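A structural walkthrough
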Amino acid sequence: MKRSLAVSIAALGATTFLFSTPERSCRVAPAEPIHAANAQGTAMLGRLPVAFVPNVGQWENAARFVARIGAMTVFLEEKGWTFTLVERTAGKEKEDATARGVAVRMTFARASAPDLVAEEQLPGRHNYFLGNDPTKWRSDVPLYRAVRYREVHAGVDVRAREQDGHFEYDLLLQPGAELEPVEIAVAGIERMHIDDENTLVLETRLGPVRMPAPLSWEEGPSGERSLVTCRYVLRGDDRFGFAVKDRRPGWSLTVDPGLVWSTYLGGTGGDEASALALGWQGAVAVAGRTNSLFFPTTPGAFDTTFFGSPLDGFVTRLTSSVSSLVYSTYLGGTNYDIAQALAIDAQGAATVAGFTFSSGFPTTPGAFDTSYNGNGDSFVTRLSPTGSSLVYSTFLGGTTYDIAQALALDVQGAATVAGTTSSTDFPTTPGAFDVTYNGGPPLAGDAFVTRLSRTGSSLVYSTFLGGTDGEGASALALDVQGAATVAGSTNSINFPTTPGAFDASFNGGSDDAFDTQLTPTGSHLVYSTFLGGTDGEGASALALDVQGAATVAGST
């Protein structure tokens, strides 16, 4: 029943960005209080858990409660709140880095002075020993999940809270209370408007803040709920309200907007995330490529130095709130290195696959292949859960072009990778489905599917998959038995299909998509089908349900 408002701040430059909701562009940089909190208070805020902390004098700030939620700092004040956004710009040298910020204040216009009441106390206490004046020290400060503004208007409370790492606020109207008087004035913006989708857009000097329409409902005397349509209404150049038609007498009303985090991840050059994975307890990991000399890394990470090559791979793990880095490391050698696929095991270790042109790409003793094979190799690398070392790292390829594009882990943590190879000597295993290269143009030869041992020291199986023209595997998933399903594109009329499959004939055009499932040992095809029409198709994503049925998506 809950929907969050998306906070969107646009920015220029080739920078990787992470969204909490894929369809909404968001830019909220790691925040610093702009207007009040002193430097020590800011540092303390950066270490707070997600909670509303009463200000009992530990910060020189008029706010009654302060929360660091995701990548945002929120100050709950007497008649509203302020949230801060900061955009950081790195220069050629680290000391040239600059930052500019904006504080957006939202206050209840024409409201009485509400009581602020903390709700849902959380475990733990905070102590603040700031400065050398003991009279300013504060100890045993409690933490709360929410704060209620009581009687903002007659019969109207506002509850500020954290939900799934986001800041949200609820308008809670008792039966008979009027929504019309509720009006929010906004300061710190350049202008405000409502778009065609009933999204409230606040234009700031850092870009637009977009707030989609809130989900709202009425609740009857017996607890039954009914959804209602709520829309924003502009009440002036700097203020807005809400409107709901045909309210029911005797029913309460809840209007549930919110503010959603997002963060940039990058340095002074071009940064691109190619893969994302969620780990245990919601940790977020991303991998991709960067040519940024000052891509953010963390002390103790495996590699904190850009090699000066055209591109390095990177692997970054963030906390579930995306407010800080667990670790962040470069991964590569002195040439092109690109991470294309990523997965996290139950212990939190990230496994990444991609391709490299670096003969000095980091490998580990005992790995399957520690020598560069030439003309671009795939790689598979597993980092420790802390990102401080490599569990294993191996090349995977032959003497021509090889690129791993998809990766999945089984329940034991063994990695299966899929991609494209034009190497006639790509490593295969006895008994695999197809141990012979089938041909195709340069950079688009055969697809391959390879399963490594859990330690990365050997191949469980490795097979070609293709016909006499070009193929590429772009997506991969494993079922509970460990059987790999792979999808991609082919322009081979003799791509291997199976009797009874949905479509056993190439349909024409530049390419068809394909969907193929191998047995857990990689020795046979469970099924294999074309998917396409008379022009070009390609599958780029794939997922399996609990019964192992595949859903694929792509382009046509």
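Overview of the structure. Computed from a prediction, not measured in an experiment: that's the story for all the values here. (Residues numbered from 1 in each chain as written. Predicted model: local features only at pLDDT ≥ 70, side-chain atom pairs only at ≥ 80, totals over all residues. Heavy atoms only, no water.)

**With respect to the sheet that holds strand β33 (residues 459–465)**
Stated formally: A pair of strands is labelled paired if DSSP reports no fewer than 2 bridges between them. Strands are runs of DSSP state E lasting at least two residues, helices are runs of H or I lasting at least four, and both sets are numbered from the N terminus onward. Every axis corresponds to a line fitted to the C-alpha atoms, with the helix fit spanning only the stretch in contact, and the corresponding angles, defined between N-to-C directions, vary from 0 to 180 degrees.
Here 4 strands make up an open sheet; going across it, the order is β30-β31-β32-β33 and the pairing antiparallel. Looking at strand neighbours, the two that pair on one side only are β30 (402–409) and β33, the edges of this open sheet. The mean inter-strand angle of the sheet, taken between neighbouring strand axes irrespective of direction, is 20°. Strand direction decides the pairing type here: β30 and strand β31 (residues 415–421), joined by 7 bridges, are antiparallel. Within β31, the residue paired with Asp402 across the bridge is Thr421.

**Things to note about the nonpolar core**
Heads up, the condition is: Side-chain atoms within 4.5 Å are what join buried Ala, Val, Leu, Ile, Met, Phe, Trp, Tyr and Cys residues into a set we call a nonpolar core. Working definition: with a 1.4 Å probe on protein chains only, accessible area under 20% of the residue-type maximum means buried, over 50% means exposed, and in between means partly exposed. Residues count as neighbours in contact if any of their non-hydrogen atoms are within 4.5 Å of one another.
Counting residues in hydrophobic clusters, the biggest one holds 43 residues, and the most contacted among them are Leu76, Trp81, Tyr169, Leu171, Phe240 and Phe242. Not counting the four nearest positions on each side in its chain, Leu171 is found in contact with Asp157, Val158, Leu179, Val182, Phe242, Leu253, Thr254 and Val255. Val449, Tyr461, Ala484 and Val486 belong to the second largest nonpolar core, which has 18 residues in total.

**Looking at the environment of Ser492**
Applied cut-off: Identification of polar contacts relies on pairs of N or O atoms within 3.5 Å, with a donor-acceptor requirement for protein atoms, meaning one able to donate a hydrogen and the other able to accept it, and with residues adjacent in sequence counted only if both atoms are side-chain atoms.
Its place among the elements puts Ser492 in the loop between β35 (484–490) and β36 (512–518). Taking relative accessible area as the criterion, Ser492 reaches 0% and is therefore assigned buried. Between the C-alpha atom of Ser492 and that of Asp469, which follows or precedes it by 23 residues, the distance is 4.6 Å. For Ser492, the residues in contact, after removing those within four places along its chain, are Gly467, Thr468, Asp469, Gly470, Glu471, Phe506 and Phe530. A polar atom in the side chain of Ser492 sits 2.8 Å from the backbone nitrogen of Asp469.

**Here we look at the pairing of strand β9 (residues 156–163)**
Counted residue by residue, β9 has 7 buried out of 8 residues, so it is predominantly covered. Where strand β8 (residues 138–153) meets β9, 5 bridges bridge the pair, whose relative direction is antiparallel. Note that in β9 the partner of Arg148 across the bridge is Arg159. Hairpin connection between β8 and β9: a loop of 2 residues separates the two successive antiparallel strands, and Gly155 in this loop has a positive phi of roughly 75°.

**Some thoughts on the sheet that holds strand β37 (residues 525–531)**
Reading across from one edge, β34-β35-β36-β37 is the order of the 4 strands in this open sheet, with antiparallel pairing throughout. One side of each edge strand has no neighbouring strand; the edge strands of this open sheet are β34 (471–478) and β37. On average, each strand axis in the sheet is inclined to that of its neighbour by 15°, with strand direction left out of account.

**Comments concerning the pairing of strand β29 (residues 390–396)**
Burial within β29 is extensive, with 6 of its 7 residues counted as buried. Between the end of strand β28 (residues 377–383) and the start of β29, which pair antiparallel, lie 6 residues, with Gly387 showing a positive phi angle near 75°.

**Description of the packing of aromatic side chains**
Stated precisely, the cut-off is as follows: Side-chain rings of Phe, Tyr and Trp (the six-membered ring for Trp) are treated as a pair once their centres are within 6.5 Å; stacked means planes under 30 degrees apart, edge-to-face means over 60, and tilted covers the remaining angles.
Summed over the entire model, instances satisfying the criterion amount to 23 aromatic pairs. Consider the rings of Tyr437 and Phe464, whose centres lie 5.8 Å apart with planes at 65°: the pair is edge-to-face. Taken together, the residues Tyr437 in the loop between β31 and β32 (446–452) and Phe464 in strand β33 connect sequence positions 27 residues apart. Classification of Tyr437 as buried rests on a relative accessible area of 18%.

**A look at the pattern of salt bridges**
Heads up, the condition is: Any carboxyl oxygen of Asp or Glu that lies within 4 Å of a side-chain nitrogen of Lys or Arg is treated as forming a salt bridge with it.
Following the criterion strictly, the structure yields 20 salt bridges and no others. For Asp170, the salt bridge is made with Arg161, and the minimal N-O distance between the two is 2.7 Å. Arg161 matches Asp170 in its accessibility class, with the two residues each being buried. Glu218 is paired through a salt bridge with Arg248; the nearest N and O atoms lie 3.7 Å apart. Of this pair, Glu218 sits in strand β15 (residues 215–219) while Arg248 is found in the loop between β18 (239–244) and β19 (252–256), placing the two residues 30 residues apart along the sequence. According to the relative accessible area criterion, Glu218 is buried, its value standing at 1%. Arg248 gets classed as partly exposed once you look at its relative accessible area, which sits at 37%. Residues joined in a network through salt bridges with shared partners are Arg110, Glu180, Glu183, Arg235, Asp238 and Arg239.

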